[in-house]
Amino acid sequence: MRLQSTAMKMDELTSVPLISYKRASVLRSLGIKTLHDLLSWSPDTLSNQEKIRSCNGSFSKQIPLIMNYARSIVEKRVIVTGINEHFRNISKSQIYFLDLEYDASSSFIFLYGIMNATGHIIQIFVDDPIQEKDALEEFLKIVRKDAIFVTYASKSADEPILKKSIEKFKLSSSCISKARFFDLFYHVIFTQKPETQKIFLPIKPITEKTVSDYFGYKPPKYLHIHNGLEALMFYKMYLRTKNKKLKKQILRYNKSDLQRIKLIYQKIFNLFRQYAKDELL
């Protein structure tokens, strides 16, 4: 019974973003067994505890973030402490919500999905691998050179894949010379830095799905693809069979991801606007 009780307490602490099992063990050694125990400390006092300061990494510096996440979970609400600078001075005409479907092993993009600020969607699907370059060039012609690609967790995914694809075909970098990626995950929701983290959600894990679901997203019915790997598997089956139902599923999955990204962006924008009392408008 004691082992089970300990596991439950550890799970409560590790329900907080930035608290790993190792960090939870350190907190328990300080008598912190629950989120209420954690919130009974002041951030300064806790971050200066020797057991925390002696940990490798940024544990001590992230204590204020951890406590805001914990408070958000306990109070079951979003906590906003400021305005993320990425949301300032963005023109709606520059925004493209972007989601790519690809084979990372070869930097092969088989579907370009983009949605503008009004919700209009363009999907460029590669029916045959020989059309790969044509699809990329079509995509680059559609978007503005100063585009802002709003994505979710694309820092190690869509962004490098797109750049590798451009390099692969030796296309001019001027195609999107002033474009920039605005990653809602790394730049806003989970920056892991006290100076940039301004919003705290009462959920973990902080994935595109969990965040959009938290904000009220309703996925389409009869969607059989649930992640990028499955999308790739469906695409390979499509190349072999040319089954239009497979293509429809891939397009539907991509559209769903675009809708999720747009919803997350809009909800967070509104939260910052409310915090700033309309200063963002």
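Residues numbered from 1 in each chain as written. Predicted model: local features only at pLDDT ≥ 70, side-chain atom pairs only at ≥ 80, totals over all residues. Heavy atoms only, no water.

1. Regarding the overall build of the chain
Link 1 in the chain: For the chain, the helix and strand inventory stands at 12 helices and seven strands.
Link 2 in the chain: With respect to the principal axes defined by its C-alpha atoms, the chain has extents near 60 × 50 × 35 Å.
Link 3 in the chain: Split into buried and exposed, the 281 residues of the chain put 45% on the buried side.
Link 4 in the chain: Contacts spanning at least 24 positions in sequence make up 68% of the contacts within the chain whose residues lie at least 6 apart.
Link 5 in the chain: Working note: accessible area of the chain is about 14900 Å², and carbon and sulfur atoms make up 52% of it.
Link 6 in the chain: Of the charged side chains in the chain, 45 are positive and 28 negative; the average position of the first set lies 3 Å away from that of the second. (Helix = DSSP H or I, 4+ residues; strand = E, 2+ residues; numbered from the N terminus. Buried < 20%, exposed > 50% of the residue type's maximum accessible area, 1.4 Å probe, protein only. Contact = heavy atoms within 4.5 Å. Areas by Shrake-Rupley, 256 points an atom, 1.4 Å probe, with all protein chains shown as cover. Lys, Arg positive; Asp, Glu negative; His and termini not counted. Charge placed at Lys NZ, Arg CZ, Asp CG, Glu CD.)

2. Digging into helix α7 (residues 132-142)
Link 1 in the chain: E132, A135, L136, F139 and L140 are the residues of α7 that are buried. The buried residues of α7 occupy an angular sector of 135 degrees when projected down its axis, which confines them to one face.
Link 2 in the chain: Structurally, α7 contributes buried residues whose contacts are with β2 (95-103), β3 (108-116), β4 (121-125), β5 (148-151) and α8 (158-168). (Arc of directions from axis to C-beta.)

3. Here we look at the confidence of the model for the chain
Link 1 in the chain: Summarising the model, the chain shows a mean pLDDT of 92, and 94% of its residues fall at 70 or more.
Link 2 in the chain: Contacts from residues 1-9, a stretch scored under 50 in pLDDT, to residues over four places away or in other chains number two contacts. (pLDDT = per-residue confidence, 0-100.)

4. Considerations on the side chain of R23
Link 1 in the chain: Among the secondary structure elements, R23 is positioned in helix α2 (residues 21-29).
Link 2 in the chain: Among buried Asp, Glu, Lys and Arg side chains, R23 stands out as unpaired, with E195 the closest opposite charge at 13 Å.
Link 3 in the chain: There is a polar contact of 2.8 Å between the side chain of R23 and the backbone oxygen of L18.
Link 4 in the chain: A polar contact of 2.8 Å, which involves the side chain of R23, links it to the side chain of Q62.
Link 5 in the chain: Every residue in contact with R23, bar those within four places of it in the chain, is listed here: L18, S58, F59, Q62 and I66. (Salt bridge = Lys/Arg side-chain N within 4 Å of Asp/Glu carboxyl O. Polar contact = N/O pair within 3.5 Å; in protein donor to acceptor, adjacent residues only side chain to side chain.)

5. Let's talk about the packing of α7 against α8
When two helices pack together, their arrangement is given by the angle between their axes and by how far apart the axes lie.
Link 1 in the chain: As a packed pair, α7 and α8 sit with axes 11 Å apart at the nearest point and diverge in direction by 115 degrees. Two packed elements cross with a definite hand, and for α7 against α8 that hand is left-handed. Contact residues: E132, L136, F139 and L140 in α7; L162, S165, I166 and K168 in α8.
Link 2 in the chain: The class makeup of the residues in the contact of α7 with α8 is five nonpolar, one polar and two charged. (Axes fitted to C-alpha atoms, helices over the stretch in contact; angles between N-to-C directions. Left-handed = near helix turned anticlockwise from the far one by under 90°. Nonpolar A, V, L, I, M, F, W, Y, C, P; charged D, E, K, R; others polar.)

6. Thoughts on the pairing of β5
Link 1 in the chain: The alternating pattern of β5 places I148 and V150 and F149 and T151 on opposite faces, both of which are buried.
Link 2 in the chain: As paired strands, β2 and β5 are joined by three bridges and run parallel to one another. Considered in β5, the bridge of I95 is made with I148.
Link 3 in the chain: Note: β5 against strand β6 (residues 180-183), four bridges, orientation parallel. Residue pairing for β6: I148 is matched across the bridge by R180. (Pairing = 2+ DSSP bridges.)

7. Description of unusual backbone geometry
Link 1 in the chain: Along the chain, K204 connects to P205 via a cis peptide bond; the corresponding omega equals 5 degrees.
Link 2 in the chain: As for its position among the elements, P205 is in the loop between β7 (199-200) and α10 (208-214).
Link 3 in the chain: Not every positive phi belongs to a glycine, and Q192 is a case in point at roughly 70 degrees.
Link 4 in the chain: Of note, Q192 is situated in the loop between α9 (184-189) and β7.
Link 5 in the chain: The exposure class assigned to Q192 is partly exposed, which follows from its relative accessible area of 34%.
Link 6 in the chain: The backbone of K242 sits at a positive phi, close to 55 degrees, despite the residue not being glycine.
Link 7 in the chain: As for its placement among the helices and strands, K242 is situated in the loop between α11 (228-241) and α12 (244-276).

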